[in-house]
Amino acid sequence: MIRTARLPNRELIIVFVVTIAVFCWLSGSFRTTGNLENVLIGFSHTAILAVGQSLPLLLGGIDLSVGSIMALAGMAAFDAYIVLGLPGWIVLPGALVLATLAGAVNGVLIAKLKLQPFIATLATMAAYRGLTYAISGRQIWPEIATRPITDPLIVAFDDYVGHVPYAFFLLLIVFAVVQLLLGVTKFGRDLYTIGGNVEAARLCGINVDRAVIISYSISGLCAGFAALVLVSRMTTSTESLGIGIEMSAIAAAIIGGVSLQGGIGNVFGPVIGAFLLGVVLIGLNLVGIPTYAQPVLTGLILLGAVWYDRLLVQRRARAILAKQAANP
Amino acid sequence: MSKKIPAHEGTTGTRRQILGGFSLMALAAGAAATGAVGGVALTASSGPAMAAPSTKRRKMVFIQHQPHTVSTAWSEGLAEVFKVQGNIDYQLLDGQNKADVQISLMDTVINDKVAAIFLQPADSVALAPSVKKAARAGIPVITLNIDATAPHAAHIEMSHYLGAIEIAKAMGDKMGGQGKVVIINAPPGQTVRDARTNGFMEGLKRHHPGIKVIADQVADWDRKKAQDVFSTLLAANPDIGGVYGVNDSMALGAVDVAKTKGIIDKVVIFGNDGEKDALESIERGELAGTQFTDVFQQGRFAAAVATVLATGGVPATAFAEQGYLLMPYVIATKETVASIQPSQRW
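One numbering rule holds for all chains: residues counted from 1, following each sequence as written. Just so you know, chain letters begin at A and ligand numbers begin at 1, following the order they were written in. With pLDDT at 70 or above as the cut-off, local features in this predicted model cover only qualifying residues; side-chain atom pairs require 80 or more to be listed or tallied, and sums for whole chains, interfaces and linings still use all residues. Only heavy atoms go into the side-chain values, all of them from the structure, while hydrogens and water stay out.

Time to look at the overall build of chain B. Broken down by element type, chain B carries 11 helices and 12 strands. Sorting the 346 residues of chain B into buried and exposed places 58% on the buried side. Note on contacts: a residue pair is in contact if any heavy atoms of the two residues lie within 4.5 Å. Taking the intrachain contacts of chain B between residues at least 6 apart in sequence as the baseline, contacts between residues at least 24 apart amount to 75%. Accessible surface, chain B: about 13900 Å² in total, of which carbon and sulfur atoms supply 57%. Counting from the N terminus, the helices are the DSSP runs of H or I reaching at least four residues and the strands are the DSSP runs of E reaching at least two. Note on exposure labels: buried denotes an accessible area under 20% of the residue type's maximum, exposed denotes more than 50%, and partly exposed covers the range between, all computed with a 1.4 Å probe on protein chains only. Only the protein chains shown count as cover for residues, and the accessible areas themselves come from Shrake-Rupley with a 1.4 Å probe.

Take a look at the structure:
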C-alpha cells in the first residue's frame, strides 16, 4: 500500500518540469536539442547508478563503493584492451562480471559477516580503489597511458540514434528490468519486507542473506554499466574514475523518494532525481552561475528532498494514529 | 557609457559584477569630472572606444582541471585581458579533478556556442573526444599546459621539456654530479607528466650521467600526498640526494618532510611552475629551485590568441595544424630568484 502511494513521484515530477521550464526561459542554449542530447548522455550513467543504489537503500543499507567499482571495472577494461589486446566482445562482459562480483563481495560482507552496510562498503570503497591502482597498466607503463581505446564495440555507448544516445537506451533497459524485479517478483516483495522490518522478514521465512547478496550484486553490475558508458565516452579509463559519484547516486535516489530508512521507494524516482541534478548543473553553467556556488545548490536540493521525506513520514504516522483513534 | 563598460569577471558572482560595474562607472565619472588621467580611469574611459570594431558579445570559458594556484593565476590573466575588450563574457568552470565532469562541461559550452574554450584536461586521452567535438562545431580549443591527444587550435605550455632539462642540469650542479634522485610525479595520462619526466631524464643523461634516478612515484600534484610518498621513499633510501617534484606543491611536500627530519641541507629539492610559496621557500634557502613561468602572462597570451581568433572570425575548422606556444621561463634558484618582479609572482 505504502509503496503504491509513493509510485507516481508526483511532487518530484512537478519540481523537475518547473526546473526545466525555468532554465528554458532563462537560457536560449538550454532549450535546444543539443542540450537534450547533453543531458541524456551526461547523466544516463548517474541514473543507472541511482537505480542500482536504490536496492541497497530499499534494504535499509547503502552502497558507498559504487565509484570504486566503476574505477575497477573501467581499469580492467583498459588493461584488457590496451595491455592484453583482447577484443570488445570479451572486454565488455568481463568488466561487467568483475563489477558484479565486487558487488557480491559487499553483499557477503554484510549478510554473512554481519557488517554494517556503511562500514562494509566504506572499506571496499577504499579496497577497490587501491586495487584499481594496483592493476592499472597506466601506472606500470605510463607511456601507454596516452593511448586511446578504439574498439568500435567498447566506444559504441557514445553514439546516438537521432538525438538519443545509446547510453540512455541502456538506462531504459536497466530501469525496466529492476522495476519489474521490484514490482512483480517475489524477490521484489521480499526486498520491501526486509527493508520494512528485517526480523519480521526472517520470521516469515524470507532468505534475507540471499536478497542482500543479490541486491548488492545488482548495484555492482549497475556500477559496471556506468563505468562502460564513461570508458566509451573517454576512450580510456583513469584511476580516479567515479570518485565522489556515490554521493550523486545516493542523492538522486533520495531525491527520487527512496527512504534512507529502507522499505519505501521505486526506481523511477531515482532516474528523475539523477536527471534533475543534471539539469540543474547544466542550467547553472548556462546561466553563468559561478562554478563554486553550484555544489551548494545541489546540497540545498538534497536537503529539501530529505525534509520533504520527513514530512511525509510524519504525515503517515499521524494518519495511522488518526485511523487508530477512529477504530479503537 | 555605462552599458559599454566591461563589468564581467569570470570567477565573481553577479552581485560583485554589478558592484564592480558601479565602481568603474564611479571612477570613470570621477576622471571625467576632474580631468585626472590615472591608470585605472584611463582603462575605464578609453576601453569602450577602443573596442568599437565589434560590439557583438562573445562568451569564452576556461575549464580548469581542479582548483590550484596555477589555474587561478591563468584565470586572472585571462580575465584581465577580456575585461579591456568590453565585448567578451568570461566564465571559469571547475572540472573537480574528474574527466567525466570536464566532458559534461565541454558538451554544455559547445552547445552554448562559446567563441573559445580554454582547457586544462584532467586526462589527455579522456578529453580528446570532446576536443574533437568542439573542433567539429568550429570552436577553437586552447589547451593550457596539459595537451589533448586530439588536434585542436593551440596548446600553450610552460616549456615543460626544455625547463626539465635545465632543472636536471641545475640540480646536478648543486649535487656535485653524484648521487641518487627521486621523482615525485603527476598521474599518468597527462602529457605534462611525460614531457617533464622525459626532459629531466634527458637533462641528467646530457649533463650529469653520474646521477641515478632510483624511484619515480605518483603524488597526484598534491602537497599532502607528496609528503607521504617522500617519507616512504626516505625510509627505504636514507641517502637520497635530490628530489624533482614535477610541480611546486609536490616539491614543497618533500621540503616539509626534509625540514621535519632535519635533512633540508643535505637534499637538493627542485619543483616546477614557480608559485609564490615556492619562490619564498627558495629565498629562505629550503627549496633549491624551480622553473618559474609568469602564469598571469600565460593567461594573457592565451586570451590574446583567442581574442584575435574570435574577433577575426577564424573558426577551428580553419586550422591546418595545431598551433603551439612555449612560454619563456627562468630557472629560479637562490641566485636568480630576486630577478622575478613582485607583479609576476602568483
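From this point, the narrative continues.
With respect to the helices and strands, the residue Gln190(B) is situated in the loop between strand 6 (179–185) and helix 7 (191–207). Apart from residues lying up to four places away in sequence, Gln190(B) is in contact with His65(B), Pro121(B), Ala122(B), Asp123(B), Ser124(B), Ile146(B) and Trp221(B).

Another aspect to go through is the pairing of strand 3 (residues 116–119) of chain B. Residue and element names in this part refer to chain B. Neither face of strand 3 is open: one carries Ala116 and Phe118, the other Ile117 and Leu119, and all of them are buried. By this definition, two strands are paired if DSSP reports at least two bridges between them. The pairing of strand 3 with strand 4 (residues 141–144) spans three bridges and is parallel. Bridging from a neighbouring strand, Leu119 pairs with Thr143 of strand 4.

On to the pattern of salt bridges. Salt bridges are defined by distance alone: a side-chain nitrogen of Lys or Arg within 4 Å of a carboxyl oxygen of Asp or Glu. Under the counting rule described, the total for this entry stands at 26 salt bridges over all chains. In this structure, the salt-bridge partner of Asp209(A) is Arg202(A), at a minimum N-O distance of 4.0 Å. Judged by relative accessible area, which is 18%, Asp209(A) ranks as buried. Look at Arg202(A) and you get partly exposed, because its relative accessible area is 38%. A salt bridge links Lys259(B) to Glu286(B), with the nearest nitrogen and oxygen atoms 3.4 Å apart.

The next subject is the sheet that holds strand 2 (residues 88–94) of chain B. Residues and elements named next belong to chain B. Read across the sheet, six strands follow the order 2-1-3-4-5-11 without closing on themselves; strand pairing throughout is parallel. Where the open sheet ends on each side, the last strands, each with one partner, are strand 2 and strand 11 (323–326). Along the sheet, successive strands turn relative to each other by an average axial angle of 15 degrees, direction set aside. Sheet analysis places strand 1 (residues 58–64) next to strand 3, joined by four bridges and oriented parallel. Bridge assignment links Met60 to a residue of strand 3, and that residue is Ala116. Sitting on the sheet, helix 3 (residues 69–85) touches strand 1, strand 2, strand 3 and strand 4, and the angle it makes with strand 2 is about 165 degrees. The convention used is that axes are lines fitted to C-alpha atoms, helices contributing only their stretch in contact, and that angles between N-to-C directions extend from 0 to 180 degrees.

This brings us to the environment of Leu92(A). All names here are of chain A. Within the element layout of this structure, Leu92 appears in helix 5 (residues 88–111). Exposure remark for Leu92: the relative accessible area of 12% places this residue in the buried category. Sequence separation between Leu92 and Ala77 is 15 residues; the distance between their C-alpha atoms is 7.1 Å. Other than its neighbours up to four places away in sequence, Leu92 contacts Leu153, Ile154 and Leu228.

Quoted interface sizes are often the accessible area lost when the parts come together. Taken together, the contact pairs 34 residues of chain A with 34 residues of chain B. Here chain A and chain B share an interface that buries about 2700 Å² over both sides, 52% of which is from carbon and sulfur atoms. The tally of links between chain A and chain B comes to two salt bridges. The partner of Asp123(B) in a salt bridge is Arg138(A), and the shortest N-O contact between them spans 3.0 Å. N or O atoms closer than or at 3.5 Å make up a polar contact, with two conditions inside protein: a donor-capable atom paired with an acceptor-capable one, and, for residues adjacent in sequence, both atoms drawn from side chains. Taken together, the links from chain A to chain B amount to nine residue pairs in polar contact (both at pLDDT 80 or more). Taken together, the elements giving at least two residues each to the side of chain A that touches chain B come down to helix 3 (33–58), helix 7 (137–140), helix 11 (208–234) and helix 13 (268–286) of chain A. Broken down by element, the side of chain A that touches chain B gets its largest block of residues, six residues, from helix 3 of chain A. When residues are sorted by character, Ala, Val, Leu, Ile, Met, Phe, Trp, Tyr, Cys and Pro go into the nonpolar class, Asp, Glu, Lys and Arg into the charged class, and all the rest, Gly among them, into the polar class. Across the side of chain A that touches chain B, the residue classes break down as 15 nonpolar, 15 polar and four charged. Joining two parts hides part of their accessible area as seen by a 1.4 Å probe, and the buried area is that hidden amount summed over both.

Geometry only, nothing functional implied.
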